[in-house]
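Structural features, examined
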Amino acid sequence: MWYVSTRGVAPRVNFEGALFSGYAPDGGLFMPEELPQLDRGTLCQWSTLSYPGLVKELCALFIGSELLPKDELNDLIDRAFSRFRHREVVHLSRLRNGLNVLELWHGVTYAFKDLSLSCTTQFLQYFLEKREKHVTVVVVEGNSDELDEPIKTVFADVAFVKKHNLMSLNSINWSRVLVQMAHHFFAYFQCTPSLDTHPLPLVEVVVPTGAAGNLAAGYIAQKIGLPIRLVVAVNRNDIIHRTVQQGDFSLSEAVKSTLASAMDIQVPYNMERVFWLLSGSDSQVTRALMEQFERTQSVNLPKELHSKLSEAVTSVSVSDEAITQTMGRCWDENQYLLCPHSAVAVNYHYQQIDRQQPSTPRCCLAPASAAKFPEAVLAAGLTPETPAEIVALEHKETRCTLMRRGDNWMLMLRDTIEDLSRQWRSHALNTSQ
């Protein structure tokens, strides 16, 4: 399968090229040149698969056996998920009042990113061994838009990237979006009692997000034939909500600090993939929109594009007060602790059942364990439950470089990369001798 940039200038690449590129050279994001279409028969076959089984099928579909043979792919995915605590890797908790919570947090860091990064690192290792090469991977996680710009600026320096064999592994990397697509398929099959009906039953998937990675993955799943209705749930940093409701893709004056801190994001870069799909893969439209956004931090979507977006996606913005109320209600009804990000999604479910709205089956994605957010649990008047693995971290050495406001973050990043590269070259030289 070939991948093209959403901005239409960069040459097309295969999966390996998209994996190692992160951002496309023209500043866009890689997307499949053509999306496959899944028929009823394929969906029925996939409906009994485990979560790892679905990841294998989706990766085979979007990578191609000529690049990564199926048996080797299956081994990579099995290794990727070998350290997950739950035997299912991803688990659906069925709670009272039709509440379905898909737990994406059974990996080593108790967060959904473990799912995609575990697979991505296996892909990297596979292709690097074939190339007999080394790369320095820059991973950006968290909620700082201030750091994202230095990352993009560093990667714009082609000579620097080549010198240090750099690649970006933040949430825009296609391999991560690909694996996240499996969340939606697994949610659908777990919440669908039978595929014997005509048409296929619809399931509503509620996606809490900041960077829109899970939203993009869900919309791609919808486009290739999965019968889901998407609901995007955000906190008070509501650029995605405003885009869906009003076509207003513009920055607020400042990032608002919330209890769902990993979603405190101003710039949801994966929306570029959604715009590209909505426009019918029109790279000129997408490039114009994103270049205007990068220049002015404000775009009003064309009427036709906004209409298509609002038809495809519903949205909700949730306050801190609503987050803590939702956490408390879920505990009272189920003795089940939600993290604040999961509570953003579950709040939408409670809104619907309180209004006694007729509903299709609904699944709320839970991106993190409540154990990672004891302050939010306490704010909800509940008692945190801390696993022994997390308690043990308090006794381990911490290594960090403090990056203050006003510091030259780009220079600090470049210096860190230079230092890591020197260390690696020294290690490689000593090993060869």
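Computed from a predicted structure; not experimentally measured. (Residues numbered from 1 in each chain as written. Predicted model: local features only at pLDDT ≥ 70, side-chain atom pairs only at ≥ 80, totals over all residues. Heavy atoms only, no water.)

**Observations regarding empty space enclosed by the protein**
- In this structure the tally under the stated criterion is one cavity of 30 Å³ or more.
- The space that makes up the largest cavity amounts to roughly 40 Å³.
- Contributing to the lining of the largest cavity are Val101, Trp105, Tyr336, Leu337, Leu338, Cys339, Ser342, Ala366, Ala368, Ser369 and Ala370. (1 Å grid on protein atoms, 1.4 Å probe; cavity = no way out; pocket = protein on both sides within 12 Å on 5 of 7 lines; lining within 4 Å. Points joined across faces, edges and corners; volume = space filled by probe spheres on them.)

**Regarding the environment of threonine 360**
- Position of threonine 360 relative to the elements: it lies in the loop between α15 (340-354) and β12 (362-366).
- You can call threonine 360 partly exposed: its relative accessible area is 25%.
- Along the backbone, threonine 360 and arginine 229 are 131 residues apart, and their C-alpha atoms lie at a distance of 9.3 Å.
- Beyond its immediate stretch of four places on either side in the chain, threonine 360 contacts Leu202, Val203, Glu204 and Arg229. (Helix = DSSP H or I, 4+ residues; strand = E, 2+ residues; numbered from the N terminus. Buried < 20%, exposed > 50% of the residue type's maximum accessible area, 1.4 Å probe, protein only. Contact = heavy atoms within 4.5 Å.)

**Some remarks on the side chain of threonine 120**
- Assignment of secondary structure puts threonine 120 in helix α5 (residues 113-131).
- Classification of threonine 120 by relative accessible area gives buried; the value is 0%.
- Beyond its immediate chain neighbours, meaning those up to four positions away, threonine 120 contacts Leu19, Leu169, Ser175 and Arg176.

**Some details on the packing of aromatic side chains**
- Summed over all chains, the structure comprises 14 aromatic pairs.
- Arranged with centres 5.5 Å apart and planes meeting at 50 degrees, the rings of tyrosine 3 and tryptophan 174 form a pair that is tilted. Here tyrosine 3 is found in strand β1 (residues 3-5), whereas its partner tryptophan 174 is found in helix α8 (residues 174-190), with 171 residues between them in sequence. Judged on exposure class, the residue tyrosine 3 and its partner tryptophan 174 are both buried.
- The rings of Phe15, Phe123, Tyr126 and Phe127 are connected pair by pair, giving a single aromatic cluster.
- Its end group placed over the ring of tryptophan 2, arginine 12 keeps NZ or CZ at 4.1 Å from the ring centre. (Phe/Tyr/Trp six-rings, centres within 6.5 Å; stacked < 30°, edge-to-face > 60°. Lys NZ or Arg CZ within 6 Å of the ring centre and 35° of its normal.)

**Regarding the pairing of strand β4 (residues 100-103)**
- Of the two faces of β4, the one carrying Asn100 and Leu102 and the one carrying Val101 and Glu103 are both buried.
- Direction of pairing for strand β3 (residues 91-94) relative to β4: antiparallel, over a ladder of four bridges. Along β4, the bridge assignment pairs histidine 91 with glutamate 103.
- With antiparallel pairing between neighbouring strands as the criterion, β3 and β4 make up a hairpin whose turn holds five residues, including asparagine 97 at a positive phi of roughly 60 degrees. (Pairing = 2+ DSSP bridges.)

**Here's the deal with the packing of helix α11 (residues 271-278) against helix α13 (residues 303-312)**
- Running from amino to carboxyl end, α11 crosses α13 at an angle of 105 degrees, the nearest separation of the two axes being 10 Å. By the angle between their axes, α11 is roughly perpendicular relative to α13. Judged by residue contacts, Val274, Phe275 and Leu278 of α11 engage Leu305, Lys308 and Leu309 from α13. (Axes fitted to C-alpha atoms, helices over the stretch in contact; angles between N-to-C directions. Parallel < 35°, antiparallel > 145°, perpendicular 65-115°, else oblique.)

**Focus on the pairing of strand β8 (residues 228-234)**
- Counting buried positions along β8 gives six out of seven residues, so the element sits mostly inside the fold.
- Strand direction decides the pairing type here: strand β7 (residues 203-208) and β8, joined by six bridges, are parallel. Paired with valine 207 across the strands is valine 232, a residue of β8.
- Taken together, β7, helix α9 (residues 213-223) and β8 constitute a β-α-β crossover, and its handedness is right-handed.
- Bridge analysis of β8 against strand β11 (residues 313-317) gives five bridges, and the strand direction is parallel. The residue of β11 that forms the bridge with valine 231 is threonine 314. (Right-handed = clockwise from strand over helix to strand, strands pointing away.)

**Examining the state of the cysteines**
- Per the counting criterion, the structure on display carries zero disulfides.
- Take cysteine 59: it sits in no disulfide, and the sulfur closest to it among the cysteines is that of cysteine 119, at 6.0 Å.
- Looking at cysteine 59, the relative accessible area reads 1%, which means it is buried. (Disulfide = S-S within 2.5 Å.)

**Details of the side chain of serine 175**
- Inspection of the secondary structure puts serine 175 in helix α8.
- A polar side-chain atom of serine 175 sits 2.8 Å from a polar atom in the side chain of asparagine 173.
- Excluding residues that lie within four positions of it along the chain, serine 175 makes contacts with Phe15, Leu19, Thr120 and Phe123. (Polar contact = N/O pair within 3.5 Å; in protein donor to acceptor, adjacent residues only side chain to side chain.)

**Digging into the sheet that holds β3**
- Strand order in the open sheet formed by six strands is β3-β4-β12-β7-β8-β11, with mixed pairing between adjacent strands. Of all the strands in the sheet, just β3 and β11 have a single pairing partner and so form its edges. Each strand axis lies, on average, 25 degrees off the axis of its neighbour in the sheet, ignoring direction.
- Here helix α10 (residues 239-246) sits on the sheet and contacts β8 and β11; the angle it forms with β11, its principal contact strand, is near 130 degrees.
- Each of β8 and β11 touches α13; the most contacted strand, β11, lies at about 80 degrees to it.

**With respect to the pattern of salt bridges**
- Tallied over the entire structure, the rule returns 14 salt bridges.
- For the salt bridge of arginine 242 with aspartate 248, the shortest nitrogen-to-oxygen distance reads 3.0 Å. With respect to burial, arginine 242 and aspartate 248 carry one shared label: buried.
- Of the charged contacts in the structure, one is a salt bridge between arginine 329 and glutamate 333, with a shortest N-O distance of 3.0 Å. In this pair, arginine 329 and glutamate 333 are both assigned in helix α14 (residues 320-334), four residues apart and thus about one turn of the helix distant.
- Classification of arginine 329 as partly exposed rests on a relative accessible area of 23%.
- Overlapping salt bridges, with partners in common, bring together Arg7, Glu272 and Glu294 in one network. (Salt bridge = Lys/Arg side-chain N within 4 Å of Asp/Glu carboxyl O.)

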